[in-house]
Amino acid sequence: MGNYYQPEIETASREEILRIQNEKIVKQVKHVYDNVEYYRNLMDQKGVKPEDIKSVDDIKKLPFLSKTDLRDAYPYGLLGTDLKNCVRIQSTSGTTGRRVVAFYTQADVDLWEECCARAIVAAGGTNEDVVQVAYGYGLFTGGPGLNGGSHKVGCLTLPMSSGNTERQIQFIQDLSATILCCTPSYAAFIGETMAEKGIKPEENTLKAGIFGAEPWTEEMRQSIQKSLGIKAYDIYGLTETSGPGVSFECEEQTGMHINEDHFYAEIIDPETGEVLPDGSLGELVFTSLDKEAFPLLRYRTRDLCVLTREKCSCGRTHVKMSKPKGRSDDMLIIRGVNVFPSQVETVLLNKGYTPNYQIIVDRVNNTDTMDINVELTPEQFEKHGNDVAPMEKALESAMRTMLGIGPKVHLLAPKSVVRSEGKAVRVIDNRKLV
Ligand code: DLL
């Protein structure tokens, strides 16, 4: 049995969770219908009235919201309360052409920070810990979310933001940081830089990391755990639902418990919108049960994953989601075959390569091409740098087995692939430019 930030709700019986959800959804649908004209119109078009929603079982009657709706309603169209009640906004980077601005009342900020506090306690955090927050601060939710959670737990919080890796390492050492929060790709970079400085994993004070905001594989977890000498926990969330902390991993490290008292999760078939049973792979859809300012109902995340309700040894009763397998809009379709960057990462790490890679997709003479640039470790480079062809061939064959199509692999000198301090850019799809 682990430690909990809010034991009563985190270990509540299924009946109790359902009772809370049913009570909240009735109120929330009425709140949205009364205050959000955009969604009221969607409900009217579908012929659904607030009275039709009596329990979470009825959520399936409600219309979906998608990224397109968020764009159409930008910036105030989905606001559920008067602006004067709002105390904060956060936003996405908009790198994929979308910019989401989410609004928060003070109650929304508290709820969000409590979710992050649950994640920190699940990773072993107490008020004796020193939490180094190396997610970006500012509009991105990573820094502010974990910062707020860390305060709630009473940890000494180091609001580092991302970047300046030398300084990150210096603070870990000088202030004896025990929990590191950043993207997994940045954690890998910090580990790599520490090794270069001759700092051994057992020589740093870190004991845990809370890593998320981008997909990462089990293999990547093993590699980070080794390089930093810590236990690495996954954390998930998105700006639309508040930020990190929608779900988080416990010591079992077999999926992330969704904070079901605040977020109701469904898995749907991304093609038909049909709700799928637990255990099926599909698109994750969230309904926020009690957010005031940005109360999204049935928001389609585009993240593909599986929900499971098996009993967890940590004692938490909330449903678990698997690591997202990828986003339905990040999935590459190369020569008709579905390819996820995570599959490439799995092969690389299993074969002893670094997680420093980039996938480049293009179209030449009407045929898709896929190139994978992979960095060698300094040791591999010293040993095989003059003759990488056989290693490239072997990797290409392993990739073909995993992906079902044959990419071209290029093994490069250390430091050839640009490092990320936030979300890593794993794919460059030049076909989209045409
Ligand atoms: O990335 C919030 C966050 C910050 C989560 C810090 C965890 C830690 P957005 O920038 O809106 O919000 O991006 C949300 O990132 O739909 C997923 O596709 C992806 N994502 C987030 N966490 C994970 C994760 C933040 N643990 C989008 N594993 C989501 C895989 C993740 N993908």
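1. Describing the state of the cysteines
Right, so step 1: Summed over all chains, the structure comprises 0 disulfides.
Right, so step 2: Its sulfur unpaired, C115 is 6.9 Å from the next cysteine sulfur, which belongs to C116.
Right, so step 3: Given a relative accessible area of 1%, C115 falls into the buried group.

2. Overview of the pattern of salt bridges
Right, so step 1: According to the stated counting rule, one finds 31 salt bridges in the structure shown.
Right, so step 2: In this structure, E249 engages R221 in a salt bridge whose closest nitrogen and oxygen atoms are separated by 2.7 Å. Of this pair, E249 sits in strand β8 (residues 243–249) while R221 is found in helix α9 (residues 218–228), placing the two residues 28 residues apart along the sequence.
Right, so step 3: Of the residues examined, E249 reaches a relative accessible area of 2% and is grouped as buried.
Right, so step 4: Here E345 and R426 are joined by a salt bridge, their closest N and O atoms 3.9 Å apart.

3. Points about the site of the ligand
Right, so step 1: Close to the ligand lie 21 residues; D234, I235, T239, D303 and K423 are nearest.
Right, so step 2: Separating a nitrogen atom of the ligand from a backbone N or O atom of E214 is a distance of 3.2 Å.
Right, so step 3: Sort the elements by how many residues they give to the shell around the ligand and strand β7 (residues 231–238) lands first, with 5 residues.
Right, so step 4: For the shell around the ligand, the class distribution of residues is 9 nonpolar, 6 polar and 6 charged.

4. A word on the packing of α9 against helix α10 (residues 341–350)
Right, so step 1: At their nearest, the axes of α9 and α10 sit 8 Å apart, and the two run at 45° to each other. In terms of axis orientation, α9 runs oblique to α10. Across from E219, M220 and S223 in α9, the residues of α10 making contact are E345, T346, L349 and N350.

5. What to know about the domain arrangement of the chain
Right, so step 1: Partitioning the chain into structural domains gives domain 1 (7–329) and domain 2 (333–429).
Right, so step 2: Between domain 1 and domain 2, the C-alpha centre-to-centre distance is 30 Å.
Right, so step 3: The partner domain 2 presents 16 residues to the 23 residues of domain 1 that form the contact.
Right, so step 4: Summed over both partners, the interface of domain 1 with domain 2 comes to about 1500 Å²; 55% of that surface belongs to carbon and sulfur atoms.
Right, so step 5: Measuring nitrogen to oxygen at the nearest pair gives 2.5 Å for the salt bridge that ties E196 to K415.
Right, so step 6: Applying the counting rule to domain 1 against domain 2 returns 10 residue pairs in polar contact (both at pLDDT 80 or more).
Right, so step 7: Those elements that place two or more of their residues in the side of domain 1 that touches domain 2 are α8 (184–196), α9 and β15 (326–327).
Right, so step 8: With 6 residues, α8 is the single largest residue contributor to the side of domain 1 that touches domain 2.
Right, so step 9: Classifying every residue of the side of domain 1 that touches domain 2 by side-chain character gives 9 nonpolar, 8 polar and 6 charged.

6. Digging into the packing of aromatic side chains
Right, so step 1: Taken as a whole and assessed by the stated rule, the structure comprises 7 aromatic pairs.
Right, so step 2: Ring geometry for Y104 versus W112: centroids 5.1 Å apart, planes at 25°, classification stacked. An identical accessibility class is assigned to Y104 and W112; each is buried.
Right, so step 3: The rings of Y76, F103 and F294 are connected pair by pair, giving a single aromatic cluster.

7. Points about the sheet that holds strand β20 (residues 408–412)
Right, so step 1: Pairing within the open sheet is mixed, and its 4 strands lie in the order β20-β19-β18-β21. Bordering the open sheet on either side are β20 and β21 (427–429), each of which pairs with just one other strand. Going from strand to strand, the sheet's axes swing by 20° on average, the running direction of each strand aside.
Right, so step 2: Two strands pair when backbone bridges link them, and strand β18 (residues 357–364) and strand β19 (residues 367–375) are joined in this way by 8 bridges, in the antiparallel orientation. Along β19, the bridge assignment pairs I360 with D371.
Right, so step 3: Packed onto the sheet, α10 meets β18, β19 and β21 and runs at close to 130° relative to β18.
Right, so step 4: Of the strands in this sheet, β19 and β20 touch helix α12 (residues 389–403), which is tilted by about 135° from β20.

8. Remarks on the sheet that holds strand β4 (residues 156–159)
Right, so step 1: Strand order in this open sheet of 9 strands is β4-β3-β5-β6-β7-β8-β9-β14-β13, and the pairing throughout is mixed. Strands at the two margins of the open sheet, each flanked by one partner only, are β4 and β13 (307–308).
Right, so step 2: Contacting β5 (179–182), β6 (208–212), β7 and β8, helix α5 (residues 106–122) runs over the sheet at an angle of about 30° to β8.

9. Observations concerning the nonpolar core
Right, so step 1: With 50 residues, the main nonpolar core has Y39, L284 and F286 as its most contacted residues.
Right, so step 2: Among the nonpolar cores identified, the runner-up in size contains 25 residues, and A134, I199, W216 and L228 belong to it.

Cut-offs used in this document
Residues numbered from 1 in each chain as written. Predicted model: local features only at pLDDT ≥ 70, side-chain atom pairs only at ≥ 80, totals over all residues. Heavy atoms only, no water. Disulfide = S-S within 2.5 Å. Buried < 20%, exposed > 50% of the residue type's maximum accessible area, 1.4 Å probe, protein only. Salt bridge = Lys/Arg side-chain N within 4 Å of Asp/Glu carboxyl O. Helix = DSSP H or I, 4+ residues; strand = E, 2+ residues; numbered from the N terminus. Near = heavy atom within 4 Å. Polar contact = N/O pair within 3.5 Å; in protein donor to acceptor, adjacent residues only side chain to side chain. Nonpolar A, V, L, I, M, F, W, Y, C, P; charged D, E, K, R; others polar. Axes fitted to C-alpha atoms, helices over the stretch in contact; angles between N-to-C directions. Parallel < 35°, antiparallel > 145°, perpendicular 65-115°, else oblique. Contact = heavy atoms within 4.5 Å. Domains from an automatic or database assignment. Buried area = accessible area lost by both parts, 1.4 Å probe. Phe/Tyr/Trp six-rings, centres within 6.5 Å; stacked < 30°, edge-to-face > 60°. Pairing = 2+ DSSP bridges. Core = buried A, V, L, I, M, F, W, Y, C linked by side-chain atoms within 4.5 Å.

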